[in-house]
2 protein chains.
Amino acid sequence: MPAEPIYRTSVDPQWIDYNGHLRDAYYGLILSLATDALMDRLGMDAAYRERTHCTLYTVEMHIHFLSEVHRSDVVLVNAAILGSDAKRIHAAMRLGCASRAEPAAAAEIMLLHIKQGPTPAVTPFPPDIARAVEQFREQSAGTSFGPGSRQMALRSRA
Amino acid sequence: MPAEPIYRTSVDPQWIDYNGHLRDAYYGLILSLATDALMDRLGMDAAYRERTHCTLYTVEMHIHFLSEVHRSDVVLVNAAILGSDAKRIHAAMRLGCASRAEPAAAAEIMLLHIKQGPTPAVTPFPPDIARAVEQFREQSAGTSFGPGSRQMALRSRA
């Protein structure tokens, strides 16, 4: 797996909710900012978006919240590409804290390459981006960040 | 299904990203605030949390992003309870805009009842809350908000 975190952030005090730790939605914001970092890594940065009018839309996201994150934590996100095709990236992310080994969240995200305009249209990746996606996917081979996406259901617990 | 939205909000300008519409993470924030509204509705409001030290933790969330939300939109969230047991609520939510019929997102959320303290512990709902959950669940019978939670995968498209 790509050993280096793709994104790192401290915890904004406004992200703490009445339970005294990171509100669920801000795990999502950190994962969203990490997706921006992944886009930069793959060549779909601000200059690319400006030049091509192409970007990624998130079409699906599944998060497992595994442990609390606190105000003092430094959050690290690792990313993997589990699958891809001409227009889509199926990414996995692990959200952890610098001070401990266990993950705080595991997520899967489906991203779709879109050409923006009056009518946004799904568009294939250009060849250089497709190569970067493929390369990142090869580097990710065998990566697992814990519980993956699944149909949600009440399951009995031991 | 409960016909009335459980939560309603305008779109904060800070929630708009470089793509010119609501950033994925802020769909999640609106769903999180709607979960607070659902907690209020079920009797797990701030006074309850203060009195009992009990609250809900989100353990899993799966969002399908179905259409763009813009700065000028008024967002409405409908909620259903698909399932529950002594300590857990499996909720579904539909995020829509006041100005159009099609949904902007469909989500499922698994919530766990926790007694906070030095060591947070899973705790059964007290009888009055359990009754409120059951009643909301009965009112939700047969509700579907569109694509449900599923294992995420690249699927071929027609």
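In the block above lies the structure referred to throughout.
This structure is a prediction, so every number in the text was calculated from the model and none was measured.

**Some details on helix H1 (residues 24-42) of chain A**
At step 1: Helix length check: H1 of chain A (19 residues) gives 27 Å between terminal C-alpha atoms against 27 Å at 1.5 Å per residue, within 8%.
At step 2: Taken from the residues just after H1 of chain A, glycine 43 of chain A is the one with a positive phi, measuring 95 degrees.

**Looking at the packing of H1 of chain A against helix H1 (residues 24-42) of chain B**
At step 1: Contact geometry for H1 of chain A and H1 of chain B: axes closest at 8 Å, N-to-C directions at 180 degrees. Classified by the angle their axes make, H1 of chain A and H1 of chain B are roughly antiparallel. Packed against H1 of chain A, whose contacting residues are Asp24, Ala25, Gly28, Leu29 and Ser32 of chain A, the element H1 of chain B presents Asp24, Ala25, Gly28, Leu29 and Ser32 of chain B at the interface.
At step 2: The residue inventory of the contact of H1 of chain A with H1 of chain B, partitioned by class, reads four nonpolar, four polar and two charged.

**Some details on the relation of the copies chain B and chain A**
At step 1: In screw terms, the move from chain B to chain A is a rotation of 180 degrees and a rise of 0.0 Å along the axis, fitting with an RMSD of 0.0 Å. Here the two chains are linked by the operation of a two-fold rotation axis. The rotation axis passes nearest to the C-alpha of histidine 62 of chain B in chain B, at a distance of 2.1 Å.
At step 2: The overlap is high: 100% of the interface residues of chain B also sit at the interface in chain A, so the same surface is used on both sides.

**Here we look at the interface of chain B and chain A**
At step 1: Contacts between the two partners involve 31 residues from chain B, matched on the other side by 31 residues from chain A.
At step 2: Among the elements of the structure, H1, helix H2 (46-52), strand E2 (54-65), strand E4 (88-97) and strand E5 (105-115) of chain B are those that each provide at least two residues to the side of chain B that touches chain A.
At step 3: When the residues that make up the side of chain B that touches chain A are grouped by side-chain class, the tally is 11 nonpolar, 12 polar and eight charged.
At step 4: Relative to E2 of chain B, strand E2 (residues 54-65) of chain A runs antiparallel, the two being bridged by five bridges. Considered in E2 of chain B, the bridge of glutamate 60 of chain A is made with histidine 64 of chain B.

**Notes on the nonpolar core**
At step 1: Val77, Ala91 and Met93 of chain A together with Val77, Ala91 and Met93 of chain B are the most contacted members of the largest nonpolar core, which totals 83 residues.
At step 2: Once residues within four sequence positions are removed from consideration, methionine 93 of chain B is found in contact with Leu31, Ala34, Val77, Asn78, Ala79, Ala107, Ile109 and Phe145 of chain B.

**Brief notes about the pairing of E4 of chain B**
Residues and elements named next belong to chain B.
At step 1: By the criterion of burial, E4 is predominantly enclosed, with nine of the 10 residues buried.
At step 2: Examined bridge by bridge, strand E3 (residues 74-84) and E4 share nine bridges and lie antiparallel to one another. Paired with serine 84 across the two strands is isoleucine 89, which belongs to E4.
At step 3: Hairpin geometry of E3 and E4 is characterised by an intervening segment of three residues between the two adjacent antiparallel strands.
At step 4: Taken together, the eight bridges between E4 and E5 define a ladder with antiparallel strand orientation.

**Here's the deal with the environment of asparagine 78 of chain A**
Residue and element names in this part refer to chain A.
At step 1: Locating asparagine 78 in the fold gives a position in strand E3 (residues 74-84).
At step 2: Assessed through the 21 C-beta atoms surrounding it within 10 Å, asparagine 78 is described here as buried.
At step 3: In the structure, asparagine 78 is positioned 44 residues away from alanine 34 in sequence and 8.4 Å away in space, judged by C-alpha atoms.

**Thoughts on the environment of aspartate 40 of chain A**
At step 1: Here aspartate 40 of chain A lies in helix H1.
At step 2: Distance in space between the C-alpha atoms of aspartate 40 of chain A and glutamine 135 of chain A is 14 Å, their sequence separation being 95 residues.

**Some points on the pairing of E2 of chain B**
The two faces of a sheet get side chains in turn, since along a regular strand they alternate between them.
Residues and elements named next belong to chain B.
At step 1: Across the 12 residues that make up E2, a large majority, nine, are buried.
At step 2: Of the pairings in the sheet, the one linking E2 to E5 comprises 11 bridges and is antiparallel in character. Bridging from a neighbouring strand, threonine 58 pairs with leucine 111 of E5.

Calculation notes
By convention here, each chain's residues receive numbers from 1 onward along its written sequence. Labels follow written order: the first chain is A, the first ligand is 1, and so on. For this predicted model, a pLDDT threshold of at least 70 governs which residues receive local features, and a threshold of 80 or more governs which side-chain atom pairs are given and counted, while totals over whole chains, interfaces and linings are taken from all residues. Runs of H or I in DSSP of at least four residues are treated as helices and runs of E of at least two as strands, each being numbered from the N terminus. The span one expects for a helix is its residue count, reduced by one, times 1.5 Å. To obtain an axis, a line is fitted to C-alpha atoms, over the contacting stretch when the element is a helix, and the angle between two such axes runs from 0 to 180 degrees between their N-to-C directions. Any angle between 65 and 115 degrees counts as roughly perpendicular, while under 35 counts as roughly parallel, over 145 as roughly antiparallel, and the rest as oblique. Here the contact rule is simple: place C-beta atoms from the backbone, and any two residues whose C-beta atoms are within 7 Å are in contact. Residue polarity follows a fixed list, in which Ala, Val, Leu, Ile, Met, Phe, Trp, Tyr, Cys and Pro are nonpolar, Asp, Glu, Lys and Arg are charged, and the others, Gly among them, are polar. We superpose the copies by least squares over the C-alpha atoms of residues that have a pLDDT of at least 70 in both of them. Between any two strands, pairing holds if DSSP finds at least two bridges. Throughout this description, the term nonpolar core refers to a group of buried Ala, Val, Leu, Ile, Met, Phe, Trp, Tyr and Cys residues whose C-beta atoms join them within 7 Å. The exposure label follows from counting other C-beta atoms within 10 Å of a residue's C-beta, where the C-beta atoms are placed from the backbone and the thresholds are 20 or more for buried and 12 or fewer for exposed, leaving partly exposed in between.

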